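Residue-level structure breakdown
Listed below, chain by chain, are the residues.
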Amino acid sequence: MRRLHNTPSALSLQARVRLECWATDAFLTYARHALFGRINSETSFPALQTVRKEADLNHFLEIALDSGSVDTVLRSLLPNHAGYTDLRRELARYRAIAASSEWPLIPVGGPLNVGVQDVRVTVLRKRLQLEEYAVQAPTESAEGYDFALKRTVADFQRRHGLAMDGIVGAATRDALNISVEKRIAQIELNLERWRRLPRFLGHRYLFVNIADFELKIIEDQSQMASMRAIVGRNYRQTPIFSASMNTIVFNPYWYVPHTIFIEDLLPKIKADADYLKARNYRIFSRLGPAAAEVDPAEIDWNRVAGDDFNYILRKEPGPANPLGRVKFVLPNPFNVYIHDTPAPAKFLENRRDFSSGCIRIENPIAL
């Protein structure tokens, strides 16, 4: 075991050995957290499964000891993505706000819009200034809601996925009143997610921001394009993972996932004997080109429940197919795809969590 630099010579041998062990443990713990994240995702968050990284932490310890630069080595293990760097900067800023400033809450009341004179407008200005929004001096009174403040509120709404009407209604007030402690916790969680991504995402890759309902196309670290996305509902969330896309399917079949079949389709099938035929579904004995087709009339649907349905339910290509015209295949344990949709009007919504886990995109042909 190597000696720590600048260890106080007055310490006993036993104390020096103990200090050496503590420092080594601290280095290895920090290095592991920087490279792999602080949380065991496989047990704590089963839906968080990114590329497994391999690294010899002792190797980095040797480099740190040989170079005498522990700080430089540890910093080199952190993600090198711009998003991670930006979030670390924001974390420091929000922690400073929490330590030194009030976080004023907007009192309940009627909507705040241009022309309103209300003491809550003064609180609103202070609240937005804390997060460094561009708040201009009031044109008339401090309690007056003017057009400049309306534009600033619209900017806040844009950043938080709200309707950009520039009016402080109930939804905007709730977003403004989220505590600074919760904002800090959100940033810390997203830093954890960044640490679980591969250090190199590729020269060309797709990045789906689930919380922002957006897909970005990145090439050589520059954003080439972006498009709106629809992601999973709260109770069928889109999992967090990374995978390689290797196949594009035009006019795809839709093989109905078991959960959707049991929870969504089965009650409708039991209520309407012609449900499957009328909606272009077919049943097969198994997967594969040699599978035999099964007549729905031969199945006693009233006795089907849980895991006793041993067939493959497939929806044929067409304008009503949930996958639309194009399916992008990226093999993963969650059976999640990126695909088109027959319901494009959903992209006009500000909050777009309507799917059962897959990612629907606004412009699949462009992608």
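Look a little higher up for the structure.
Rules and cut-offs
Residues numbered from 1 in each chain as written. Predicted model: local features only at pLDDT ≥ 70, side-chain atom pairs only at ≥ 80, totals over all residues. Heavy atoms only, no water. Axes fitted to C-alpha atoms, helices over the stretch in contact; angles between N-to-C directions. Helix = DSSP H or I, 4+ residues; strand = E, 2+ residues; numbered from the N terminus. Parallel < 35°, antiparallel > 145°, perpendicular 65-115°, else oblique. Left-handed = near helix turned anticlockwise from the far one by under 90°. Contact = heavy atoms within 4.5 Å. Nonpolar A, V, L, I, M, F, W, Y, C, P; charged D, E, K, R; others polar. Phe/Tyr/Trp six-rings, centres within 6.5 Å; stacked < 30°, edge-to-face > 60°. Buried < 20%, exposed > 50% of the residue type's maximum accessible area, 1.4 Å probe, protein only. Lys NZ or Arg CZ within 6 Å of the ring centre and 35° of its normal.

**Some words on the packing of helix α5 (residues 82-100) against helix α9 (residues 180-195)**
Close contact between α5 and α9 brings their axes to 10 Å; oriented N to C, the two are set at 160 degrees. When the interaxial angle is binned, α5 and α9 end up roughly antiparallel. In this structure, α5 meets α9 at a crossing whose hand is left-handed. Across the interface between the two elements, Gly83, Tyr84, Leu87, Arg88, Glu90, Leu91, Tyr94, Arg95, Ile97 and Ala98 from α5 touch Val180, Arg183, Ile184, Ile187, Glu188, Asn190, Leu191, Trp194 and Arg195 from α9. Classifying every residue of the contact of α5 with α9 by side-chain character gives 11 nonpolar, two polar and six charged.

**Notes on the packing of helix α6 (residues 119-130) against helix α7 (residues 147-159)**
Where α6 meets α7, the axes come as close as 12 Å, and the angle between the chain directions of the two elements is 50 degrees. As far as their axial angle goes, α7 and α6 are oblique. As for how α6 packs across α7, the hand of that crossing is left-handed. When α6 is examined against α7, the residues Val121, Leu124, Arg125, Arg127 and Leu128 are found in contact with a partner set consisting of Leu149, Thr152, Val153 and Phe156. A per-class count over the contact of α6 with α7 returns six nonpolar, one polar and two charged.

**Notes on the packing of aromatic side chains**
Under the defined criterion, the tally for this structure stands at 10 aromatic pairs. Look at Trp194 and Phe207: their rings are 5.6 Å apart centre to centre, the planes differ by 15 degrees, and that puts the pair in the stacked class. Of the two residues, Trp194 is situated in helix α9 and Phe207 in strand β2 (residues 204-209); the sequence distance between them amounts to 13 residues. Residue Phe207 is classed as partly exposed on the basis of its relative accessible area, which comes to 24%. The positively charged end of Lys315 is found above the aromatic ring belonging to Tyr281, 4.4 Å away from the centroid. One cation-aromatic arrangement involves Lys346 over Phe354; the distance from NZ or CZ to the ring centre is 4.6 Å.

**Considering the environment of Glu298**
Secondary-structure assignment places Glu298 in the loop between β9 (293-294) and β10 (312-315). Glu298 sits in the exposed class, given a relative accessible area of 64%.

Take it as geometry only, folks, not as evidence of what the structure does.
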